[in-house]
Amino acid sequence: MKAKQKRIHVSEQGRPTAPGNNLDPWYSSYAARAAGLSASEVRALFAVASRPEVVSLAGGMPYVSALPEDLVTNAMSTVMRDEGPTALQYGSGQGVPKLREQILDVMALEGIKASASDIVVTTGSQHALELFSKLFLDPGDVVLSEGPSYVTAMVIFKSYQAEVAHVPMDDNGLIPEALRERIAQLKAEGRRLKFLYTIPTFHNPAGVTLAAERRAEILQIAQENGILVLEDNPYGLLYFNQQPPNAIRSLDEDGVVYLGTFSKTLAPGFRVGWALAPHAIREKLILANEAAILCPSSFSQMVISEYLSQADWKGQINTFRGVYKERKETMISALEEYLPGCTWTNPNGGFYVWLTLPDDLDSKAMLPRAVKELVAYTPGTAFYADGGGRQNIRLSFCYPTPEQIRVGIRRLANVVNGELDLLHTFTSSGPLTTRRSSQSFNAPPPNMS
Ligand SMILES: Cc1ncc(COP(=O)(O)O)c(C=O)c1O
């Protein structure tokens, strides 16, 4: 068989015009913005971690098996029977009008009053993040966000050559005073601040929720400084005990762009989310949506619309809440039992617990050993743009069963204890003991700064 020839572009003088490297001959042809799209260092490890014997506490996949199959198949067959040709056709770049009306009912649960004409349906809220970034970010701009923050939003911001500036949180979410200081500092440096990206409710990855009084304060700071707020709220309806405070968007319709999704309250496979934006921005978002994808999937939107019309969707959200609440409680009690020397957040909703390891442990360095012990997690460094988070781990309780969660935390404890013993061996001049120093085990309450 003839060996495959390597393709190289050459100029008239016969010199390569696009000198690449051994892995990618087109390396030097990419646009500068593609440099922001680098695979995370732990990605390869996650391929190993997806083996069935590994308990994965790493991903953020909703437990879609808790959604009765007939609820979806009934909606699908009704759509195909009654409106098949429309569902299979291109549609409006803004989204199906009936679904946009129904989205108003979903958002009303979090105190939002709006008009369906200000909603743009997108291919998941991830796509809304992409469109919004395309509209607002120039190279060198600064996006403010909580530290830590949602990793794949930061990938988008970086792909538009913007920089992420983190603002610390505590157990009540983003700290308003720290936001004020960060803005003042960046302005003094002459930086161009574009927007505040925030996940105020059941934060990914921190699990914390922005307190009600802080919501108004943060809005005021944004207004004073002429900064838009991009509120990303995939988890707000998935609370366990008390309902969280109303969305930030319920307090201001001019300075907030709100992102919602059906990924966590129904299923991510539909890929349907939305942006609710002030009028002028909405217009640009529609144009950007059309340029990118022509229109969101008519089929998915119409099936969701039918589901919202005929199924007890609020009851189904309640079912999801029960499932995740049990898993969260299992995780917290396993942490108390097996990892008493760590600290963690205790979320009232959503999918994630943010764990702080004892001093001197490095979650990224520890990951290969964890995978060898058949447990996977996401190291905290993934959620910082500035190299922070080494002492942190994001643990997801959404997908594994309660039994798997207990096994996973027990395995994680073995890894942590093994690392501490190793550390002790190399740092202690005294006799080797199997337990770690009590100092690192009495860590202060988690502070995500
Ligand atoms: C904070 C946050 N924003 C956006 C998304 C994207 O969700 P989707 O595109 O499925 O709506 C996720 C997904 O996990 C998320 O956690």
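Residues numbered from 1 in each chain as written. Predicted model: local features only at pLDDT ≥ 70, side-chain atom pairs only at ≥ 80, totals over all residues.

Before we move on, can you summarise the overall build of the chain with the specific residues and values?
Helix and strand counts for the chain stand at 13 helices and 14 strands. In the chain, which comprises 449 residues, the share counted as buried stands at 44%. For the chain, the share of sequence-separated contacts (at least 6 apart) that also reach a separation of at least 24 residues comes to 76%. (Helix = DSSP H or I, 4+ residues; strand = E, 2+ residues; numbered from the N terminus. Buried ≥ 20, exposed ≤ 12 C-beta atoms within 10 Å, placed from the backbone. Contact = placed C-beta atoms within 7 Å.)

Quick rundown of the site of the ligand? Include the residues and the values.
Around the ligand sit 13 residues, and of these G124, S125, Q126, T261 and S263 come closest. With three residues, the single largest contributor to the shell around the ligand is helix α4 (residues 124-136). Partitioned by chemical class, the residues of the shell around the ligand number four nonpolar, eight polar and one charged. (Near = placed C-beta within 6 Å. Nonpolar A, V, L, I, M, F, W, Y, C, P; charged D, E, K, R; others polar.)

Could you give an account of the pairing of strand β7 (residues 228-232), naming the residues involved and the relevant values?
A large share of β7 lies buried, amounting to five of its five residues. Alternating positions in β7 separate into two faces, L228, L230 and D232 on one and V229 and E231 on the other, with burial throughout. Taken together, the four bridges between β7 and strand β8 (residues 256-261) define a ladder with parallel strand orientation. Paired with E231 across the bridge in β8 is Y258. (Pairing = 2+ DSSP bridges.)

An account of the confidence of the model for the chain is requested, with residue identities and associated values reported.
Atomic detail in the predicted coordinates should be set aside for any region of low pLDDT. When pLDDT is averaged along the chain, the result is 91; 90% of the residues meet or exceed 70. Confidence over residues 430-449 falls short of pLDDT 50; this stretch has 33 contacts with residues more than four positions distant or in other chains. (pLDDT = per-residue confidence, 0-100.)

Before we move on, could you go through helix α9 (residues 298-310) and cite the residues and values that matter?
Helix length check: α9 (13 residues) gives 18 Å between terminal C-alpha atoms against 18 Å at 1.5 Å per residue, within 8%. Buried within α9 are the following residues: S298, S300, Q301, M302, V303, I304, S305, E306, Y307 and L308. At its buried positions, α9 is contacted by α2 (69-87), α3 (97-108), β2 (119-122) and α10 (313-338). (Expected span 1.5 Å × (residues − 1).)

Kindly report on the nonpolar core, identifying the contributing residues and their values.
Judged by nonpolar contacts, the single largest core of 113 residues is most densely connected at V229, A275, I304, A376, Y377 and L395. Among the domains, domain 1 (43-60 + 316-441) and domain 2 (69-310) are the pair contributing at least three residues each to this core. Discounting chain neighbours no more than four positions away, the residues touching L395 are L57, M331, Y352, V353, L355 and Y377. (Core = buried A, V, L, I, M, F, W, Y, C linked by C-beta atoms within 7 Å. Domains from an automatic or database assignment.)

How would you summarise helix α12 (residues 402-427) if you had to cite specific residues and measurements?
The α-helix advances 3.6 residues per turn, and as a result positions three or four apart in sequence lie on the same side. For α12, with 26 residues, the first-to-last C-alpha span of 37 Å sits near the 38 Å given by 1.5 Å per residue. Those residues of α12 that sit buried are I405, G408, I409, L412, A413, V416, E419 and L420. Summarising the contacts, the buried residues of α12 are in contact with β1 (55-56), α10, α11 (363-372) and β12 (375-376).

Tell me about the environment of S77, and please be specific about residues and values.
Positionally, S77 belongs in helix α2. Overall, S77 belongs to the partly exposed group, with 13 C-beta atoms counted inside 10 Å. Along the backbone, S77 and E306 are 229 residues apart, and their C-alpha atoms lie at a distance of 9.8 Å.

Provide a residue-level description of the sheet that holds β8, including the pertinent values.
In a beta sheet, neighbouring strands are held together by backbone hydrogen bonds and run either parallel or antiparallel to one another. What the eight strands build is an open sheet, ordered β2-β9-β8-β7-β6-β3-β4-β5; its pairing is mixed. Among the strands making up the open sheet, the edge pair consists of β2 and β5 (173-174). Across four bridges, the pairing between β8 and strand β9 (residues 273-276) is antiparallel. Within the sheet, the bridge partner assigned to T261 lies in β9 and is G273.

Please set out unusual backbone geometry residue by residue, giving values where relevant.
The peptide bond linking G147 to P148 adopts the cis configuration, its omega dihedral lying at 5°. Within the secondary structure layout, P148 lies in the loop between β3 (142-147) and α5 (151-159). Between N204 and P205 the backbone carries a cis peptide bond, its omega angle lying at 15°. Tracing the backbone shows P205 in the loop between β6 (193-198) and α7 (212-224). For D360, which is not a glycine, the phi torsion comes out positive at approximately 75°. Take D360: it is sitting in the loop between β11 (352-356) and α11. On the basis of neighbour counts, which here come to 15 C-beta atoms within 10 Å, the residue D360 falls in the partly exposed class. One non-glycine residue, L374, adopts positive backbone phi at about 70°. Structurally, L374 can be placed in the loop between α11 and β12.

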